[in-house]
Amino acid sequence: MGLNDNILTYRPMSRTLTTAYVRNERQLCIGDSVTARETGRITLAELCTRIGGRIHTCNFGNNGGNSALVELGANWIHGTHGNAVFSLATEKNLLDPFVILDRMMGHAYTEDGKKVDKSLTEKVWKLFREVEMALDDIEPESIDATAELGQYMEDISEKRLQEFPPNQHEDIRGLFNCMMNYLSFHFGADLDKVSLKYVGCFRELDGKNVKLPKGFRSVVDAIAQNLPSDAIHLNTKVEKINYSYTQTNTVKITCQTPSGKSVFEANHVIFTCSLGVLESSHSDMFEPTLPPSKVNSIEAMGFGTVDKIFLKWETPFWKIGEGSLKLAWKGKRTTNRKTEWYRSLFGFDEIQNNDNTLVGWIHGEAAEHLETLTDRDVMDQCVLLIRQFLGDPSIPAPTEILRSAWKSNELTRGSYSFLAPSSAPSDIARLAEPVSVGGVPVLLFAGEATHPCFFSTTHGARESGIREAKRLEDYYITKRDVQN
Ligand SMILES: Cc1cc2nc3c(=O)[nH]c(=O)nc-3n(C[C@H](O)[C@H](O)[C@H](O)COP(=O)(O)OP(=O)(O)OC[C@H]3O[C@@H](n4cnc5c(N)ncnc54)[C@H](O)[C@@H]3O)c2cc1C
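Note that the coordinates shown come from a computational prediction; the quantities given were computed from them, not determined experimentally.

Section: the overall build of the protein chain
- Regarding its fold elements, the protein chain presents eleven helices and 24 strands.
- Computed over C-alpha atoms, the radius of gyration of the protein chain comes to 23 Å, within 12% of the 23 Å expected from 2.2 N^0.38 for 484 residues, which places it in the range of a compact globule.
- If you line up the protein chain on its principal axes, its C-alpha atoms span 80 × 55 × 40 Å.
- Counting only residues that meet the buried cut, the protein chain has 48% of its 484 residues in that class.
- Partitioning the intrachain contacts of the protein chain with sequence separation of at least 6 by distance along the chain shows that 75% fall at a separation of at least 24.

Re the nonpolar core
- By size, the foremost hydrophobic cluster in this structure holds 92 residues, and its most contacted members are Leu175, Val269 and Leu327.
- Considering every element that reaches this core, the biggest residue donor is helix H4 (residues 169-184), with seven residues.
- Counting only domains with at least three residues in this core, you end up with domain 1 (5-52 + 216-302 + 422-483) and domain 2 (102-207 + 306-406).
- The residues touching leucine 175, leaving out its near neighbours within four places in the chain, are Ala108, Val116, Thr121, Val124 and Ala328.
- Formed by 16 residues, the second largest nonpolar core is a distinct cluster that contains Ile51, Ile77, Phe216 and Val219.

Brief notes about the pairing of strand S19 (residues 347-351)
- Across the five residues that make up S19, a large majority, five, are buried.
- Where strand S18 (residues 325-328) lies against S19, two bridges are found, and the strand directions are antiparallel. Note that in S19 the partner of lysine 326 across the bridge is glycine 347.

Considerations on the packing of helix H3 (residues 149-161) against H4
- Direction vectors running N to C along H3 and H4 enclose 150°, while the axes themselves pass 11 Å from each other. Judged by the angle between their axes, H3 and H4 are roughly antiparallel. Taken as a pair, H3 and H4 cross one another with a handedness that is right-handed. In this structure, H3 uses Met153, Ser157 and Leu161 to contact H4, whose residues at the interface are His169, Ile172, Arg173, Phe176 and Met180.

Regarding the sheet that holds strand S17 (residues 306-312)
- Taken in spatial order, the six strands of this open sheet run S9-S18-S19-S20-S17-S21, and their pairing is mixed. Strands with a single pairing partner mark the edges of an open sheet, and in this sheet they are strand S9 (107-110) and strand S21 (400-403). Strand-to-strand, the axes of this sheet are offset by a mean angle of 25°, without reference to chain direction.
- The pairing of S19 with strand S20 (residues 354-363) spans four bridges and is classified as antiparallel. Within S20, the residue paired with isoleucine 351 across the bridge is asparagine 354.

Examining the environment of glycine 79
- Relative to the helices and strands, glycine 79 is located in the loop between strand S7 (76-78) and helix H1 (84-91).
- The sequence separation of glycine 79 and aspartate 206 amounts to 127 residues, and the corresponding C-alpha distance is 5.2 Å.
- Excluding residues within four positions of it along the chain, glycine 79 makes contact with Glu204, Leu205, Asp206 and Gly207.

Overview of H1
- Ala84, Val85, Phe86, Leu88 and Ala89 are the residues of H1 that are buried.
- Contact partners of the buried residues in H1: S7, strand S10 (209-211), helix H5 (217-224) and helix H11 (458-483).
- Looking at the residues trailing H1, positive phi occurs at asparagine 93, about 55°.

Considering the sheet that holds S10
- Reading across from one edge, S7-S10-S8 is the order of the three strands in this open sheet, with antiparallel pairing throughout. A strand with exactly one partner marks an edge of an open sheet, and here the two such strands are S7 and strand S8 (99-100).
- Direction of pairing for S7 relative to S10: antiparallel, over a ladder of three bridges. Its bridge partner lying in S10, isoleucine 77 is registered against valine 210.

Observations concerning unusual backbone geometry
- At the junction of aspartate 96 and proline 97, the peptide bond is cis and its omega measures out at 0° in the coordinates.
- Of note, proline 97 is situated in the loop between H1 and S8.
- At the junction of glutamate 287 and proline 288, the peptide bond is cis and its omega measures out at -5° in the coordinates.
- Secondary-structure assignment places proline 288 in the loop between strand S15 (286-287) and helix H7 (292-300).
- Even without glycine at this site, serine 456 takes up a positive phi of about 80°.
- Secondary-structure assignment places serine 456 in the loop between strand S24 (440-445) and H11.

Overview of the environment of methionine 105
- Its place among the elements puts methionine 105 in the loop between S8 and S9.
- Taking C-alpha positions, methionine 105 is 29 Å from glutamate 448, a pair spaced 343 residues apart along the chain.

Quick notes on the domain arrangement of the protein chain
- Splitting the protein chain by domain gives domain 1 (5-52 + 216-302 + 422-483) and domain 2 (102-207 + 306-406).
- Once you take the C-alpha centre of each, domain 1 and domain 2 turn out to be 35 Å apart.
- In this assembly, seven residues from domain 1 lie in contact with seven residues from domain 2.
- Class assignment for the residues of the side of domain 1 that touches domain 2 results in five nonpolar, two polar and no charged.

Looking at the packing of helix H6 (residues 275-285) against H7
- Interaxial distance between H6 and H7 falls to 9 Å at its minimum, and their mutual angle equals 125°. Between H6 and H7, the interaxial angle falls into the category oblique. The handedness of the crossing between H6 and H7 comes out as left-handed. Two secondary-structure elements touch here, H6 through Leu275, Leu278, Glu279 and His282 and H7 through Val295, Ile298 and Glu299.
- Per-class residue counts for the contact of H6 with H7 are four nonpolar, one polar and two charged.

Things to note about H7
- Among all positions in H7, only Lys294, Ser297 and Ile298 are buried. Buried residues of H7, seen end-on, are gathered within an arc of 100° and therefore sit on one face of the element.
- Structurally, H7 contributes buried residues whose contacts are with H6 and helix H10 (425-432).

Parameters at a glance
Residues numbered from 1 in each chain as written. Predicted model: local features only at pLDDT ≥ 70, side-chain atom pairs only at ≥ 80, totals over all residues. Helix = DSSP H or I, 4+ residues; strand = E, 2+ residues; numbered from the N terminus. Rg over C-alpha atoms; globule rule 2.2 N^0.38 Å. Buried ≥ 20, exposed ≤ 12 C-beta atoms within 10 Å, placed from the backbone. Contact = placed C-beta atoms within 7 Å. Core = buried A, V, L, I, M, F, W, Y, C linked by C-beta atoms within 7 Å. Domains from an automatic or database assignment. Pairing = 2+ DSSP bridges. Axes fitted to C-alpha atoms, helices over the stretch in contact; angles between N-to-C directions. Parallel < 35°, antiparallel > 145°, perpendicular 65-115°, else oblique. Left-handed = near helix turned anticlockwise from the far one by under 90°. Nonpolar A, V, L, I, M, F, W, Y, C, P; charged D, E, K, R; others polar. Arc of directions from axis to C-beta.

Okay, structure coming up:
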C-alpha cells in the first residue's frame, strides 16, 4: 500500500488518529467521526508493535482476584471543561464509573518515620496550590529570559513559611520539598530547568482530573475503530522523509518494515513523533534538512522525563484507602540527583481498583539515572524508603516490579515537553509550522509539543492532530475555489 495514499501520517495514535482523513484532493473528512470506509487513503506508520505511544496501559496487579490495570504513561484526563479527550471519552461512554483524582489521599511522612499531621498537610498543600496557581499570573515582560522556576519556588516557599509558627517549620519544609517534587511532574523536569518567564503559558483546564476505568488505551481503541485495519502499519520505522517534492510531487518516506525496506509516497506527511525523537533524529531523517529556525526551536525547547515504578506485594501491607505515602524530606533539597535519586521520588500511591500495587513517581535527572539501575536495585531502595518513612522495618519486600523507562525508549526519548529557560512560546509556534514546497504544505507537524498551551498532555496532542487535519482541509478548499 502507500503509492497512491494522499497522506502518510508519520506515526499514529493517542490522538494522531484525529489527523486528516483524505479521500481525494477535493473531498476531505476530518476527525474521528469519519467512518472506516471514508478513511481509505491514510497510512499510519508506527515503529512500535502497538498503537498508543505515550498512552500505555498494562496488566499488573490484582483487582478483586482479576488482573488489574496500570498506566505506564498518561494517567488522567486533566480537566473536564474544553478537554478534547474528555469529550471523546464521554461520547464513547468510556467514563463509567466516573473516577476522579484525590490529590490528598494518604499521608505525608518524614524520613524519621513520623506521620505529618493531616490538617497541617492540607493547609500547606492549599498554600502551595495558591502559589502554583499564581504562576499563571506572572507577567513575562517583568522576568528575565534566563530565570528558572526552581529558585523562584524556593524563595516564595521560604517566605510563606514565615506564616507558620517556628515549631512547624521543619515539617513544612519537608512538605514543600514533597510538593516541589509533585510540581516537577508538570514538566517532567527539575524545576531549575524550567522557564519562569513563560511558566504561565501552559493552560490548566477547569474541572477534575478523571481516570479512564478501562485504561487510557480505551480512548486509543475508540479512535482506532474509525480506521481500516490496513491503514495502520505496526513495526514500521520511518527512517527517511524526502520532501524535496520534485518530479512526482510526492514526499518519499523510506521505512524499515517487518518484510524489509519500503518506500511510501504521499502528498502530505504529518509528523507526530515526540520532541525527544525529533531532537535526536531530525538531522538524519529529513531530506532536505529542516529549516534552521525550526531546528533552533527543537533544540531550545525542553523535553522532560517522568517515570513510574509499580511495586506489587503478595498481599497489601497497608489498609486499603490508607496506603498512599508522600515523602516529606526535611532539610535542603538535594542537588545530587544521581546518587540521591530517591529524594526526587514524590511518594508511593495506591491505585484504584488495584489491591496489591503501589506506584512511585519520579522525574527529571533522577528518573533518567533510575533507568540505568537494575530492577533489583530499584526494588531494594524503594522498600528501604517505605520502611524508613513508615517507621516499620517489618514491611515485606515487594514480589514484583514494573517500571517505565521513557528516556531510554527510542520511541519517545523522554516523557513530554516544557519550556526551558532557553525557549519561548514562539518556539512552539515554529515547531508547529508546516514546511511548504511551492505553496503546498508537504510536511506538517503535530503532537503534544506543538500545542501552544496544552503541550505535555493528551488533549494537547489530540487538538494538534485536529489542527493539522484542518490545515489540509483549508488548503484543499482554497485550491478548489481557485480552480473553480
Ligand atoms: C509518564 C507519563 C505520564 C503522563 N501523564 C499524563 C496524564 O496524566 N494526562 C495527560 O493528558 N497526558 C499525560 N502524559 C502525556 C501524554 O501521554 C502525551 O502528551 C501524549 O500521549 C503524546 O501523544 P503524541 O501523539 O504527541 O506522541 P506519542 O504518543 O509519543 O506518539 C508518537 C509515536 O511515534 C512513534 N514513533 C517514534 N519514532 C518513530 C519512527 N521512527 N517511525 C515510526 N513511528 C515512530 C512512537 O512509537 C509513538 O507511538 C503523560 C506522559 C508520560 C510519559
